[in-house]
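Here are the chains, one letter per residue:
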Amino acid sequence: QVQLVESGGGLVQAGGSLRLSCAASGSIFSINAMGWYRQAPGKQRELVAGITSGGSTNYADSVKGRFTISRDNAKNTVYLQMNSLKPEDTAVYYCNAETATRPPRVYWGQGTQVTVSS
């Protein structure tokens, strides 16, 4: 089992910045990729950014150049630095971890609210 705890959400004005953190515990040795997803009211959950154990990253087109995902393996924590925030970034942000087991298992955090005011 893997437990994920997010922190760092809040209310910010457009153009501002926030940094989300996701601390993993439990069977962390089994974790391969980690990522951040978000879900706005009335919309489907979507991938924001992902990072593999080797450090490869991918981003949604809507956040490229503004968001940066990083991973501190020593602290078992993944971060999402969000700059130049826009009102359309408002959503609940979820941390996600996928194990390297076969088949892979997926774990989710409880979510943290990010609200960007115009």
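Basis of the calculations
- Residues numbered from 1 in each chain as written.
- Predicted model: local features only at pLDDT ≥ 70, side-chain atom pairs only at ≥ 80, totals over all residues.
- Heavy atoms only, no water.
- Helix = DSSP H or I, 4+ residues; strand = E, 2+ residues; numbered from the N terminus.
- Contact = heavy atoms within 4.5 Å.
- Polar contact = N/O pair within 3.5 Å; in protein donor to acceptor, adjacent residues only side chain to side chain.
- 1 Å grid on protein atoms, 1.4 Å probe; cavity = no way out; pocket = protein on both sides within 12 Å on 5 of 7 lines; lining within 4 Å.
- Points joined across faces, edges and corners; volume = space filled by probe spheres on them.
- Nonpolar A, V, L, I, M, F, W, Y, C, P; charged D, E, K, R; others polar.

Trainee: So what exactly am I meant to see when it comes to the environment of Val2 here?
Mentor: Topologically, Val2 is positioned in strand β1 (residues 2–7). As a C-alpha pair, Val2 and Thr115 span 113 residues in sequence and 27 Å in three-dimensional space. Residue contacts for Val2: discarding those within four places in its chain leaves Ser25, Ser27, Ser30, Ile31 and Tyr107.

Trainee: Sorry if this is basic, but what is going on with the side chain of Asp89 here?
Mentor: With respect to the secondary-structure elements, Asp89 resides in the loop between β8 (77–82) and β9 (91–99). Only 2.7 Å separates the side chain of Asp89 from the side chain of Arg66, close enough to count as a polar contact. Contacts of Asp89, omitting those with residues within four sequence positions, involve Arg38, Arg66, Phe67, Ser84, Val114 and Val116.

Trainee: Looking at this structure, how should I read the environment of Val92?
Mentor: Considering the arrangement of structural elements, one finds Val92 in strand β9. The sequence separation of Val92 and Gln113 amounts to 21 residues, and the corresponding C-alpha distance is 4.4 Å. Setting aside chain neighbours within four positions, we find Val92 in contact with Tyr37, Arg38, Gln39, Gly111, Thr112 and Gln113.

Trainee: How should I be thinking about the layout of surface pockets in this particular structure?
Mentor: To find the voids left in a structure, one rolls a probe of water-molecule size over its atoms. Estimated volume of the largest pocket: approximately 150 Å³. Arg38, Ala40, Lys43, Glu46 and Glu88 are the residues nearest the centre of the largest pocket, which is lined by 13 residues in total. Each residue belonging to the lining of the largest pocket can be placed in one class, and the counts come to two nonpolar, four polar and seven charged.

Interpretation note: all reported values are geometric properties and have no functional meaning in isolation.
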